[in-house]
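Tertiary structure, described
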Amino acid sequence: MTAPGALNSAAGSLYVVATPIGNLDDISARALKILQEVALIAAEDTRHSQRLLQHFGISTPLAACHEHNEREEGSRFITRLLAGDNVALISDAGTPLISDPGYHLVRQARAAGISVVPVPGACALIAALSAAGLPSDRFIFEGFLPAKAVGRRARLESIKEEPRTLIFYEAPHRILECLQDMELVFGPERPALLARELTKTFETLKGLPLAQLRAFVEGDSNQQRGECVVLVAGWTAPDNEETVSSEAMRILDLLLEEMPLKRAAALAAQITGERKNVLYQVALEKQKGQ
């Protein structure tokens with residue numbers, strides 16, 4: 001047994017290898033070398049990955065590691081790794097684990113003291129962010145939104161006042177519905193960008209306010225095809241207006257049920273970082289209206 005956090009020196013290494021998201025020239029020389037040299041490649045879809053390997057003349061054996069078998073089949077890869085074999089983990093495109101399988105295998109490997117080595121490369125969300133012209137110093141990645149409208153809108157409402165740039169993946173058959181809900185929740189003027197089919201022949205990067213971006217996609221069926229990344233500017237408070245976030249209001253309301261107004265405003269300010277005098281005034285107005 002290996003102590004928690006300690007590496008098993010007799011084990012092989014699990015390489016987490018990024019592959020191209022479209023343009024095959026984006027694969028790194030290091031990635032090709034590792035895919036050629038490992039004993040086995042764990043692939044999201046072996047048929048898809050076989051075409052990639054054939055293109056580069058790589059004959060390393062493939063084994064399936066996808067969302068439906070990852071928990072159960074992970075042990076077979078761990079067994080190979082513990083026996084000293086090196087294994088590479090790849091997804092259909094981009095960086096494994098980023099809205100793709102691999103988390104459970106990486107977690108099992110680390111728990112077994114196996115060295116996990118990242119081999120960086122293409123990632124759609126980073127590629128889109130780098131060219132979006134939206135603030136990139138702070139951002140959050142929300143992955144895929146819920147498929148149903150009720151769940152999707154609820155998720156969007158929960159991040160409506162998030163100040164960081166928001167990044168989403170979306171399926172082409174839901175991109176129009178997604179933009180419609182974003183316009184509804186975030187407002188028609190919120191800056192946004194659709195990055196579609198990145199690095200491929202029909203790559204599109206279109207930045208517009210949400211209402212205009214929704215109309216652009218609605219009016220061109222070609223924009224409803226291919227892999228989509230949607231970026232939305234973070235929330236900013238209206239000029240010359242003191243505002244309180246919905247989360248701060250939720251906390252303030254809970255505290256007001258248990259303590260006097262002044263104490264509740266002070267404690268809510270400590271928890272949320274909002275200004276105490278603003279919270280006090282909001283609470284005062286709220287009590288006057290009751």
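Residues numbered from 1 in each chain as written. Predicted model: local features only at pLDDT ≥ 70, side-chain atom pairs only at ≥ 80, totals over all residues. Heavy atoms only, no water.

As recorded by an unreviewed UniProt entry, the protein carries the name Ribosomal RNA small subunit methyltransferase I and is attributed to Pseudomonas rhizophila. Per UniProt, the comment on the protein under Catalytic activity (unreviewed entry) is "cytidine(1402) in 16S rRNA + S-adenosyl-L-methionine = 2'-O-methylcytidine(1402) in 16S rRNA + S-adenosyl-L-homocysteine + H(+)". (UniProt positions renumbered as here; feature names shortened; annotations may be inferred.)

1. Focus: the UniProt feature "domain: RsmI HTH" (unreviewed entry) in the protein
The sites that carry the UniProt feature "domain: RsmI HTH" (unreviewed entry) are, in the present numbering, residues 244–286. The annotated region residues 244–286 carries 79% helix and 0% strand content, and the separation between its end C-alpha atoms amounts to 13 Å. (Helix = DSSP H or I, 4+ residues; strand = E, 2+ residues; numbered from the N terminus.)

2. So, the UniProt feature "domain: Tetrapyrrole methylase" (unreviewed entry) in the protein
Annotation from UniProt places "domain: Tetrapyrrole methylase" (unreviewed entry) at residues 14–213. Structurally, residues 14–213 comprises 38% helix and 22% strand, and the distance from its first C-alpha atom to its last is 42 Å.

3. Details of the packing of aromatic side chains
Evaluated as defined, the whole model comprises two aromatic pairs. Aromatic side chains Phe141 and Tyr169 sit 4.8 Å apart centroid to centroid with 65° between the ring planes, which places their arrangement in the edge-to-face category. Here Tyr169 lies in strand β7 (residues 165–170) and Phe141 lies in strand β6 (residues 139–144), a separation of 28 residues in the sequence. Look at Tyr169 and you get buried, because its relative accessible area is 10%. Judged by centre distance (5.8 Å) and plane angle (65°), the ring pair of Phe144 and Tyr169 falls under edge-to-face. Of the two residues, Phe144 sits in strand β6 while Tyr169 sits in strand β7, which places them 25 residues apart along the sequence. A relative accessible area of 36% means that Phe144 is categorised as partly exposed. In this structure, Arg76 packs its charged tip against the face of Phe77, placed 5.5 Å from the ring centre. (Phe/Tyr/Trp six-rings, centres within 6.5 Å; stacked < 30°, edge-to-face > 60°. Buried < 20%, exposed > 50% of the residue type's maximum accessible area, 1.4 Å probe, protein only. Lys NZ or Arg CZ within 6 Å of the ring centre and 35° of its normal.)

4. Remarks on the pattern of salt bridges
All told, the structure shown has 13 salt bridges when counted by the stated rule. Linking Asp85 and Arg80 is a salt bridge whose minimum nitrogen-to-oxygen distance equals 2.8 Å. Classification of Asp85 by relative accessible area gives partly exposed; the value is 25%. For Arg80, a relative accessible area of 32% translates into the label partly exposed. For Glu247, the salt bridge identified is with Arg250, shortest N-O distance 2.9 Å. Separated by three residues within a single helix, Glu247 and Arg250 lie in helix α9 (residues 246–256), roughly one turn from each other. (Salt bridge = Lys/Arg side-chain N within 4 Å of Asp/Glu carboxyl O.)

5. Things to note about the nonpolar core
Most often, soluble globular proteins keep nonpolar side chains buried together rather than apart. Formed by 21 residues in total, the largest nonpolar core has its most connected members in Phe168, Leu179, Met182, Phe186, Val230 and Val232. Among the secondary structure elements, those contributing two or more residues to this core are β7, α7 (175–186), β8 (191–196), α8 (210–218) and β10 (228–232). By residue number, the principal contributor to this core is α7, which donates seven residues. In contact with Leu179, other than residues within four places in its own chain, are Leu210, Leu213, Arg214, Val217 and Val230. (Core = buried A, V, L, I, M, F, W, Y, C linked by side-chain atoms within 4.5 Å. Contact = heavy atoms within 4.5 Å.)

6. Re the sheet that holds β8
Reading across the sheet, the five strands line up as β6-β7-β10-β8-β9 and stay open at both edges, with mixed pairing between neighbours. The open sheet has two free edges, formed respectively by β6 and β9 (204–209), since each of these has just one partner strand. Adjacent strand axes in the sheet meet at a mean angle of 15° when their direction is disregarded. Bridge count between β8 and β9: six bridges; the pairing is antiparallel. The residue bridging Arg196 from the neighbouring strand is Thr204, located in β9. (Pairing = 2+ DSSP bridges. Axes fitted to C-alpha atoms, helices over the stretch in contact; angles between N-to-C directions.)

7. Re the sheet that holds strand β5 (residues 115–119)
Spatial ordering of the open sheet is given by β3-β2-β4-β1-β5, a layout of five strands whose pairing is parallel. Of all strands in the sheet, those bounded by a partner on one side alone are β3 (62–64) and β5. The mean angle between the axes of side-by-side strands here comes to 25°, regardless of whether they run parallel or antiparallel. Sheet analysis places strand β2 (residues 40–43) next to β3, joined by three bridges and oriented parallel. By the bridge assignment, Ala43 is partnered in β3 with Ala64. Packing of helix α2 (residues 46–55) onto the sheet brings it into contact with β2, β3 and β4 (87–90), and relative to β3 it is tilted by some 155°.

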